[in-house]
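Okay, here's what each chain looks like letter by letter:
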Amino acid sequence: ESAAAGIDHAVAPLGTALTSAQLRLLKRFTDQVVAMFDGDEAGQKASRRAVALLIEAGLEGRIVPLPPHEDPDSFVHAHGVEALRHEISLARPMIGWFVQSLITQHGTTPHGLRQVLEEAKTTFALEHDPFRFGLYREELARQLNVDVRELRTMMRDPAGTETRRSQASDCPAMERQLLEVL
């Protein structure tokens, strides 16, 4: 429908879930993907799954959140192709959108934020590049309003770049001395 509406370079899974195989094929043509799913909870869930698949495929992604009760086809029919192009121009970087979506889903209670952390940790673990992983962790820390150093202790580094030496330097001097004595 997007191609019929004049949006070039559009593909759709057509009622099936987005798959790793589809993204591997897509990666032959681009490194950047804009994902747009239905605006309902199922579409939000599909968008969150898409973020995990995009990370795993090594693709950069942006997410276009549609209003509730809208899908790309109904949105074009109700608002026109220019409105759709406008929504696409407002697409959010996938990691920022993903974390905000988890916060919206789970809430800001301590229990809810712990669920956000656990889901983000699982999804970010799919990233093999330490630099991108670090950026994802920083975005999570920013949105959770916590020090990124706290998250470093809870989230693994994908390439193991945090050496034993740097971990030891995070240890207070008195505790390090005790460990050395032991």
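Higher on the page you've got the structure.
Everything quoted here is computed from the prediction, not taken from an experiment.

*Asks:* Which residues make up the overall build of the chain, and what are the values?
*Replies:* Looking only at helices and strands, one finds 10 helices and 3 strands in the chain. If you list the helices and strands of the chain from N to C, you get α-β-α-β-α-α-β-α-α-α-α-α-α. Expressed as a percentage of the 182 residues in the chain, the buried residues total 34%. Counting contacts in the chain only where the partners sit at least 6 residues apart, residues at least 24 apart contribute 66% of the total. As presented, the chain carries roughly 11,500 Å² of accessible surface, and 55% of it is formed by carbon and sulfur atoms.

*Asks:* Hey, could you go over helix α7 (residues 130-144) for me, with residue numbers and the actual values?
*Replies:* The end-to-end C-alpha separation of α7 is 21 Å, in line with the 21 Å expected for 15 residues at 1.5 Å each. For α7, the full list of buried residues reads Phe133, Gly134, Tyr136, Arg137, Glu139, Leu140, Ala141, Gln143 and Leu144. Residues of α7 that are buried in the fold lie against α2 (41-57), β3 (92-93), α5 (94-106), α6 (110-124) and α8 (148-154). Where α7 starts, the residue carrying a side-chain oxygen 3.0 Å from the main-chain nitrogen of Phe131 turns out to be Asp129.

*Asks:* Tell me about the side chain of Arg48, residues and numbers included.
*Replies:* Mapped onto the fold, Arg48 is located in helix α2. Ignoring any residue separated from it by four or fewer positions in sequence, one finds Arg48 in contact with Glu41, Trp97, Phe98, Ser101, Leu102 and Gln105.

*Asks:* Describe the sheet that holds strand β2 (residues 60-64), naming the residues involved and giving the relevant values.
*Replies:* On the basis of which strands lie adjacent, the open sheet formed by 3 strands has the order β1-β2-β3 and mixed pairing. Edge positions in the open sheet fall to β1 (32-36) and β3, since each of these has one partner strand only. In this sheet, β2 lies alongside β1 in parallel orientation, the contact comprising 5 bridges. Counted as the bridge partner of Gln32 is Glu60 from β2.

*Asks:* Residues and numbers for α5, please.
*Replies:* Taking 1.5 Å as the rise per residue, α5 with 13 residues should run 18 Å; its terminal C-alpha atoms sit 18 Å apart, in good agreement. The buried fraction of α5 is high, at 10 of 13 residues. Among the residues of α5, Met94, Ile95, Gly96, Trp97, Phe98, Val99, Ser101, Leu102, Ile103 and His106 are the ones counted as buried. Of the surrounding secondary structure, the elements contacted by the buried residues of α5 are α2, β2, β3, α6 and α7. Where α5 terminates, the next one or two residues include Gly107, which has phi positive at roughly 90°.

Here is what the cut-offs are and how they apply
Residues numbered from 1 in each chain as written. Predicted model: local features only at pLDDT ≥ 70, side-chain atom pairs only at ≥ 80, totals over all residues. Heavy atoms only, no water. Helix = DSSP H or I, 4+ residues; strand = E, 2+ residues; numbered from the N terminus. Buried < 20%, exposed > 50% of the residue type's maximum accessible area, 1.4 Å probe, protein only. Contact = heavy atoms within 4.5 Å. Areas by Shrake-Rupley, 256 points an atom, 1.4 Å probe, with all protein chains shown as cover. Expected span 1.5 Å × (residues − 1). Polar contact = N/O pair within 3.5 Å; in protein donor to acceptor, adjacent residues only side chain to side chain. Pairing = 2+ DSSP bridges.

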